[in-house]
Amino acid sequence: IEAFDFGVADYLLKPFSKDRFQQSVDRAIERIKANNKSKLNINSVGIFLKTKEKRVFIPYDQIIYIAAIGKHCLVYQVGEVTEVTHMIGNLEERLPKTNFNRIHRKFIVNLKFVKHMEFEVGGQHLLSLNDEKNTSLPVGRKYIEELKDL
């Protein structure tokens, strides 16, 4: 049958039974699953972000934290900083929740780089990061409980 020259998963001839139809559907589903496993899902390893000039790909494991500056953000990475034209709320939605946490209206951190949280006089909390500058970032009151639950 010529259809197999085009990579079809199966071929049904009328009349066909419900069991034969289900077998064909199952075969197609297995083929799709196998095809999807063989492709690298780029969104599972990083994110494309817009700068003023171009789109850049930044691996998740290179992002230390993100800081909002007006309607743009600075993405602090291992060894460099990139200014992107995204608002922090948009980035928060696009980043995987398992790796990244919002800690302040101006900051998102990669949990991989969190060292500890300090309690300051007056009730302020600071999150210390394990980066080359030993960065400390303020934690907003509405984000403290979520961080304590991690």
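These figures come from a predicted structure and were not determined experimentally.

1. Comments concerning the side chain of Gln77
Mapped onto the fold, Gln77 is located in strand S4 (residues 72–77). On the accessibility criterion, Gln77 (8% relative accessible area) is buried. One polar contact links the side chain of Gln77 to the main-chain carbonyl oxygen of Val75, over a distance of 3.2 Å. Not counting chain neighbours up to four residues away, the residues in contact with Gln77 comprise Ile58, Gln62, Ile63, Ile64, Thr82 and Glu132.

2. Side note on the pattern of salt bridges
Between side chains of opposite charge, a pair can form as their charged atoms come close. Taken as a whole and assessed by the stated rule, the structure comprises three salt bridges. Arg102 is the partner of Glu92 in a salt bridge, and the nearest nitrogen-oxygen pair spans 2.6 Å. Here Arg102 lies in strand S6 (residues 100–104) and Glu92 lies in helix H2 (residues 88–94), a separation of 10 residues in the sequence. The network of salt bridges with shared partners includes Asp10, Arg20 and Arg27.

3. Details of helix H3 (residues 141–148)
Buried within H3 are the following residues: Tyr143, Ile144 and Leu147. Within H3, the buried residues cover an arc of 120 degrees as seen down the axis, which keeps them to one side.

4. A closer look at the nonpolar core
Counting 16 residues, the largest nonpolar core has Ile63, Ile66 and Leu95 as its most contacted members. Elements represented by at least two residues in this core include exactly strand S1 (46–50), strand S2 (55–59), strand S3 (63–69), S4 and H2. Considering every element that reaches this core, the biggest residue donor is S3, with three residues. Ignoring sequence-local partners within four residues, the contact set of Leu95 consists of Ile47, Tyr60, Ile63, Ile66, Phe100 and Ile108. Counting 14 residues, the second-largest nonpolar core is a separate cluster that includes Ile64, Phe107, Leu129 and Leu147.

5. A few points about the environment of Gly140
Of note, Gly140 is situated in the loop between strand S10 (136–139) and H3. Through-space distance from the C-alpha of Gly140 to that of Gln124 is 8.1 Å; in sequence the pair is 16 residues apart. Discounting chain neighbours no more than four positions away, the residues touching Gly140 are Ile103 and His104.

6. Examining the packing of aromatic side chains
Aromatic ring pairs: the centre-centre distance and the angle between the two ring planes describe each pair. Tallying each qualifying case throughout the model produces five aromatic pairs. Where Tyr65 meets Tyr76, the ring centres are 4.3 Å apart and the plane angle is 10 degrees; that geometry is what we call stacked. Placement of the pair is Tyr65 in strand S3 and Tyr76 in strand S4, with a sequence separation of 11 residues. Feature note: the residues Tyr65, Tyr76 and Phe107 constitute an aromatic cluster, connected by ring pairs.

7. What to know about the sheet that holds strand S5 (residues 80–84)
The sheet built from five strands is open, its strands ordered S5-S4-S3-S7-S6 with antiparallel pairing. Strands at the two margins of the open sheet, each flanked by one partner only, are S5 and S6. Ignoring which end each strand starts from, the neighbouring axes of this sheet average 20 degrees apart. Relative to S5, S4 runs antiparallel, the two sharing five bridges. Looking at S5, one finds that Leu74 is bridged to Glu83.

8. Quick notes on unusual backbone geometry
Each neighbour pair has its own omega, and for Lys14 with Pro15 the value is -15 degrees, a cis peptide bond. Its place among the elements puts Pro15 in the segment before helix H1 (18–38). With a phi close to 50 degrees, Asn134 is a non-glycine residue in the positive phi region. Overall, the relative accessible area of 46% leaves Asn134 in the partly exposed class.

About the thresholds
- Residues numbered from 1 in each chain as written.
- Predicted model: local features only at pLDDT ≥ 70, side-chain atom pairs only at ≥ 80, totals over all residues.
- Heavy atoms only, no water.
- Helix = DSSP H or I, 4+ residues; strand = E, 2+ residues; numbered from the N terminus.
- Buried < 20%, exposed > 50% of the residue type's maximum accessible area, 1.4 Å probe, protein only.
- Polar contact = N/O pair within 3.5 Å; in protein donor to acceptor, adjacent residues only side chain to side chain.
- Contact = heavy atoms within 4.5 Å.
- Salt bridge = Lys/Arg side-chain N within 4 Å of Asp/Glu carboxyl O.
- Arc of directions from axis to C-beta.
- Core = buried A, V, L, I, M, F, W, Y, C linked by side-chain atoms within 4.5 Å.
- Phe/Tyr/Trp six-rings, centres within 6.5 Å; stacked < 30°, edge-to-face > 60°.
- Pairing = 2+ DSSP bridges.
- Axes fitted to C-alpha atoms, helices over the stretch in contact; angles between N-to-C directions.

Purely spatial values, then, with no claim about function.
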